[in-house]
Structure formats: structure tokens, C-alpha cells
Amino acid sequence: MTLSPSLVSISIRTELQPDDLRRITAMHVNLYTREYHFGPQFETYVASGLCEFHEQYNSARSRIWICEHDNRMVGSLVLMDRGEVAQLRYFLIEPKYRGIGLGAKLMALFMDFLQLCGYQGAYLWTTHELEAATSLYKRFGFKLTEEKESTTFGKLLKEQRYDL
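Report follows, based on the coordinates. Note that the coordinates shown come from a computational prediction; the quantities given were computed from them, not determined experimentally. (Residues numbered from 1 in each chain as written. Predicted model: local features only at pLDDT ≥ 70, side-chain atom pairs only at ≥ 80, totals over all residues. Heavy atoms only, no water.)

1. Focus: the overall build of the protein chain
Part 1: Secondary structure summary: the protein chain contains four helices and seven strands in total.
Part 2: In sequence order, the protein chain lays out its α and β elements as β-α-α-β-β-β-α-β-α-β-β.
Part 3: What you see for the protein chain is a C-alpha radius of gyration of 15 Å, in line with the 15 Å of a compact globule of 164 residues.
Part 4: With the C-alpha coordinates of the protein chain rotated into their principal frame, the extents come out at 45 × 35 × 30 Å.
Part 5: In the protein chain, buried positions account for 43% of the 164 residues.
Part 6: Accessible area for the protein chain stands at about 8600 Å²; split by element, carbon and sulfur atoms hold 50% of it.
Part 7: Here the protein chain contributes 19 positive and 20 negative side-chain charges, whose respective centroids are spaced 4 Å apart. (Helix = DSSP H or I, 4+ residues; strand = E, 2+ residues; numbered from the N terminus. Rg over C-alpha atoms; globule rule 2.2 N^0.38 Å. Buried < 20%, exposed > 50% of the residue type's maximum accessible area, 1.4 Å probe, protein only. Areas by Shrake-Rupley, 256 points an atom, 1.4 Å probe, with all protein chains shown as cover. Lys, Arg positive; Asp, Glu negative; His and termini not counted. Charge placed at Lys NZ, Arg CZ, Asp CG, Glu CD.)

Here it is, written out as C-alpha cells:
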């Protein structure tokens, strides 16, 4: 019998280590291909965005949260400096680790850092299919501000922008 993971058994770190960017990319590509049938364009999108994060990284204004359980990456969240506002990106929790409060914990860490840095607000882009994530964003005060049809990820969907 396999026990369900608990929130206390998951460590969250904020320092990048070798291979993290590749692992975050792979985790996103595997999950979004499996659950939402995104095309190969999505891998380029994630990898290029993570490269941008790394290239402009400033620990005083940017942050990454990497969740690990039993030496395995199980979640991530990135706060990217966009001037007066921050962008929330690469928020993902592996299915086995959903429903235990990890998403809410990551969002609380994001909001704390956002306030600590003195940002005037934050925004994120998601798709209409990610209903559980958008529900969490709304609980933390994000509001839908823009919606557009897109085939960026290899299929027709609605991209949505949420602002705080």
C-alpha cells in the first residue's frame, strides 16, 4: 500500500541547481501533453521562458520555488520581475501531490514575496482548460482581464490573462 504524500513531507527550495530548468521543462511538457494534448510548440515555449528567467535572474526581485518529495521534483512556481509588476509562471503540481494544500502554500509564498519586493501587482497567462488553477488564482485575488483564441500550443484554446 502506498501512502499519499503529505504537505509536511515536501520540501520547497528557492535556489536553482544544475538540471532544474531541464527538469521543470520536462515536467511541464509531460503533464501538459498527457493531460491537455499540447503540441511540441509548448516545449519551446517553456524552455525559452525558463531561459529568460535564468538570464535576467535577480534574487532581490525574482524567485523560483521548487517542490521535492523523496528526491523527486513534484512542483514548481516562478515569479518573474516585470518592472512594477511581477509575472507568475510555471506553476505546476504533479497530480499525485494535488489536493494536499501544496498549491495554496506556493501561492502564499508567491504573495509574500510579491509584497516583500513592493510590486504594484502581478499577472499570469493560463488557458481556459486549467479550471482548478484558475480557481486557486481567484482565491488569491486574481481577476480575468483578457481572453483570446490561440493555437500557440498546437491546438485551439483560449488563453486567459489574470491580473492582481
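Let's pick the thread back up.
2. Concerning the side chain of E159
Part 1: Tracing the backbone through its elements, the reader meets E159 in strand β7 (residues 157-163).
Part 2: We note that E159 is buried and unpaired, the nearest opposite charge coming from K148 at a distance of 5.0 Å.
Part 3: Separated by 3.3 Å, the side chains of E159 and T152 make a polar contact.
Part 4: Not counting residues up to four positions away in its chain, the partners in contact with E159 are W125, T126, T127, E146, E147, K148, S150 and T152. (Salt bridge = Lys/Arg side-chain N within 4 Å of Asp/Glu carboxyl O. Polar contact = N/O pair within 3.5 Å; in protein donor to acceptor, adjacent residues only side chain to side chain. Contact = heavy atoms within 4.5 Å.)

3. Considering the pairing of strand β4 (residues 85-93)
Part 1: Of all nine residues in β4, eight are buried, a share of seventy percent or more.
Part 2: Where strand β3 (residues 72-82) and β4 come together, seven bridges link them in antiparallel fashion. The partner of S76 across the bridge, within β4, is L92.
Part 3: Linking β3 back to β4 in an antiparallel pair, the connection comprises two residues, with G83 at a positive phi of about 95 degrees. (Pairing = 2+ DSSP bridges.)

4. Details of the packing of aromatic side chains
Describing an aromatic ring pair means giving the distance of the ring centres and the angle of the ring planes.
Part 1: For the coordinates displayed, the defined rule picks out 15 aromatic pairs.
Part 2: Measuring from ring centre to ring centre gives 6.2 Å for Y36 and F38, while their planes differ by 45 degrees; the resulting arrangement is tilted. There is no split in this pair, since Y36 and F38 are both buried.
Part 3: Summarising the aromatic geometry, the rings of F38 and F42 are spaced 5.0 Å apart at their centres and angled 75 degrees between planes, so their arrangement reads as edge-to-face.
Part 4: With a relative accessible area of 5%, F38 lands in the buried category.
Part 5: Residue class for F42 comes out buried when judged on its relative accessible area of 6%.
Part 6: The structure contains a cluster of three or more aromatic residues connected by ring pairs, namely Y32, Y36, F38, F42, Y45 and F153.
Part 7: In this structure, K148 packs its charged tip against the face of W125, placed 4.7 Å from the ring centre.
Part 8: Here R161 stacks its cationic end above the ring of Y123, 4.1 Å away from the centre of that ring. (Phe/Tyr/Trp six-rings, centres within 6.5 Å; stacked < 30°, edge-to-face > 60°. Lys NZ or Arg CZ within 6 Å of the ring centre and 35° of its normal.)

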